[in-house]
Amino acid sequence: MISVDRAELAFQLFEALPTASLATLPRFADYDRTAMDEVLDTAERIAREHFLPHAAALDLDAPRFEGGKVALDDRVGAALAVYREAGFFSAGFDREWGGTQMPGTLRAAASFIFSMANASTAAYPLLTFDAASLIAAFGTGEQKERFLRPMVTGRFFGTLCLTESQAGSSLGDIVTRAGQNEDGSYSISGNKMWVAGGDHDICENIVHLVLAKVPDSPAGPLGTSLFIVPKFLVGEEHAQGERNGVALAGLNHTMGYRGIPNAVLNFGEDEPCRGYLLGKLDNGLAQLLQTANEMRLGVGLEAAALGAAGYRAALRYADERMQGHLPGNWNPDGPPVPIIEHADVRRMLLAQKAAVEGALALILYAAFLVDATRAAPNAEASHDSRLLLDLLTPIAKSWSAKYCCEANSHALQILGGYGYTRDYPVERLYRDNRLNAIREGTHGVHGIDLLGRKVMQENGTGMKVLAARIMADVTLAHAHPELAGHAEDLAAHLAEAVATTGRLGGTVGSDPRRGLANATLYLDMLGDVVIAWMWLRQAMAALRKRATDSSDGDLIDGKLAACRYYFLYELPRARTARTLLDSLDDTALTMKPEWF
């Protein structure tokens, strides 16, 4: 049984972050600490009773392509019906459209619980949230009434239909077309790949957001537009109209996330397909980028949740599995010890804890920035929060995806041969998590985005905001003798990271290919420093908690030990990476294809 650690989640939300203070803002006035705990209680109950029980079976009996439709386990729809009745689809949206205006930080924590229990079933509402957020941001009043309102209430689900088989991550190379009709709608024609949740019958309608090009648009990414393309046309009072020309061509057979259909969709191939322009023409990618932060944080959140599920499973197994004897105390007649007594098992558990709880801390911190940006008291505060959020998002997504998947690998190792079987969930969790370094932009794409754009925008202002916030916490940490060494270490790493950023930035400007050749390594390096900051913040929160309430001593001691582990075992690799980055090594760049 995989179970969420509610004490850990409460610590992250209410000790490391001032999440309860959000209730003082008018938008979030309904969410005091009591209400927040009730939300998490409800999420935990639904996840335990309705999401978790079918997670393994859904992986074994993946959705099937039968008669042009998806055959899917009935328990998915039943679980999402309970989720809908509890109001989770509406979390985060304005009351004007049926939402509950739940703080994004709290919504992220609830989503973490659901994804821990069953990432495939939890993916449907996350995808719907992403699509609905785009309509909320760029839709007309009529589009919001027709499509957003039923998505907010969970009657309609949503997808993003962006990439194509020949384009991959290069969305400027798509060939799907949209021609305008006399009534102002558009006729959509083309094919889309890798559409998660692309077809099923567990809701009234599916609203696809399709990236396409209209005739005479500029070539490349500047010529893309977004269109609302429903599976069924929508009549008055959201009534289901005739079937639109969206056809399921097949399903991709994936390594993980096997419980949600990964579809190939044809638009306008056999029947006319009608779509409606969302926002402005030739502005599709720009609109996606404006809402990309929350989408990418969602991927990082799922990575952390899957890593946490593996960690909890490995921890339980290590407590119960009796095997071997301790060095220096070997007695063939003595009983074996729980494997958690072996130092190397503890090392792997510490590595999992450091990655998972570090990633969760960063994602919740970023979600808090989203809330702070929405409710900032002035334009300057909002501006700084937005720049910091832009900078942290590729790290929150990609660092979490990489190292929380590595945490799942440690879980496999702890279980040994059993971990490699389907008798335990850790092999499934590893397979699921491997996707998160690919979706919503690969690891390499986010490295280029971070180094080539995010750290340089507005003359590096975002990096200055990040450095100022880290140094503010370094100063606070000096008040705790136990943390002074970590604080000094972080300050030194930060100074070196800033210097490396400056050197690389100059090269990116003059020689982009060489400057960006090791962008992925740069992302990992800066991510290591940021996660160290998150661990310093958690350690300070643990000491503050001890000063006022020492009843949860194991949690506090565990935080301090994991912080120590991270600074001693994980953070040093950032310095090795900076040495290579500072040298502007071009080994990968100059390696010729024929040499492989």
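What comes next concerns the included structure. Here the structure is a predicted model, which is why all the values come from computation and not from measurement.

Some details on the overall build of the chain
Phase 1 of the analysis: Regarding its fold elements, the chain presents 20 helices and 12 strands.
Phase 2 of the analysis: Counting all 596 residues of the chain, 56% fall into the buried class.
Phase 3 of the analysis: By sequence separation, contacts in the chain at least 24 residues apart represent 75% of the contacts at least 6 residues apart.
Phase 4 of the analysis: Element-wise, carbon and sulfur atoms account for 53% of the exposed surface of the chain, whose accessible area totals about 24,300 Å².
Phase 5 of the analysis: Across the chain, the centroid of the 56 positively charged side chains sits 2 Å from that of the 72 negatively charged ones.

Observations regarding the packing of aromatic side chains
Phase 1 of the analysis: Going through the model one piece at a time under the given rule, you end up with 16 aromatic pairs.
Phase 2 of the analysis: Seen from their ring centres, Tyr83 and Phe88 are 5.4 Å apart, and the 40 degrees between their planes marks the pair as tilted. The same class applies to Tyr83 and to Phe88, which are both buried.
Phase 3 of the analysis: Look at Tyr83 and Phe89: their rings are 5.1 Å apart centre to centre, the planes differ by 85 degrees, and that puts the pair in the edge-to-face class. One exposure class covers both Tyr83 and Phe89, and it is buried.
Phase 4 of the analysis: Aromatic rings pair up to connect Phe51, Tyr83, Phe88, Phe89, Phe114, Tyr124 and Phe157 into one cluster.
Phase 5 of the analysis: Lying across the ring of Phe14, Arg33 places its NZ or CZ 3.7 Å from the centre.
Phase 6 of the analysis: A cation sits over an aromatic face here: Arg107 above Phe129, 3.5 Å from the ring centre.

With respect to the environment of Thr421
Phase 1 of the analysis: Of note, Thr421 is situated in the loop between α11 (379-415) and α12 (426-433).
Phase 2 of the analysis: Within the structure, the side chain of Thr421 is placed 2.7 Å from the backbone oxygen of Tyr418, a separation counted as a polar contact.

As for helix α17 (residues 519-548)
Phase 1 of the analysis: Helix length check: α17, at 30 residues, gives a terminal C-alpha distance of 44 Å against a target of 44 Å (1.5 Å per residue), a fit within 8%.
Phase 2 of the analysis: Burial within α17 is extensive, with 24 of its 30 residues counted as buried.

What to know about the pairing of strand β9 (residues 240-243)
Phase 1 of the analysis: Bridge count for strand β8 (residues 232-234) against β9 is two bridges, and the pairing is antiparallel. Of the residues in β9, the one forming a bridge with Val234 is Gln240.
Phase 2 of the analysis: Where β8 hands over to β9, the hairpin turn is made up of five residues, of which Glu237 adopts a positive phi near 55 degrees.

About the criteria used
- Each chain has its residues counted from 1, running along the sequence as written.
- With pLDDT at 70 or above as the cut-off, local features in this predicted model cover only qualifying residues; side-chain atom pairs require 80 or more to be listed or tallied, and sums for whole chains, interfaces and linings still use all residues.
- Hydrogens are left out, water is left out, and the side-chain values use all remaining heavy atoms of the structure.
- Think of it this way: any DSSP run of H or I at least four residues long counts as a helix, any run of E at least two long counts as a strand, and we number them from the N terminus.
- Burial classes: relative accessible area under 20% of the type maximum marks a residue as buried, over 50% as exposed, and values in between as partly exposed (1.4 Å probe, protein chains only).
- Note on contacts: a residue pair is in contact if any heavy atoms of the two residues lie within 4.5 Å.
- Every accessible area reported is derived by Shrake-Rupley at a probe size of 1.4 Å, with residue values counting cover from the shown protein chains alone.
- The charge count treats Lys and Arg as positive and Asp and Glu as negative. His and the chain ends do not count.
- To locate a charge, take NZ of a lysine, CZ of an arginine, CG of an aspartate or CD of a glutamate.
- Only centres within 6.5 Å qualify two rings of Phe, Tyr or Trp (six-membered ring in Trp) as a pair; their planes then separate them into stacked at under 30 degrees, edge-to-face at over 60, and tilted for everything else.
- A ring is considered to have a charge above it if a Lys NZ or an Arg CZ atom is located within 6 Å of its centre and within 35 degrees of its normal.
- We define a polar contact as two N or O atoms separated by no more than 3.5 Å, with the added condition that, inside protein, one atom must be a possible hydrogen donor and the other a possible acceptor, whereas residues neighbouring each other in sequence contribute only through side-chain atom pairs.
- Take the residue count of a helix, subtract one, and multiply by 1.5 Å to get its expected span.
- By this definition, two strands are paired if DSSP reports at least two bridges between them.

So far we have only geometry, and geometry alone does not tell us how the molecule works.
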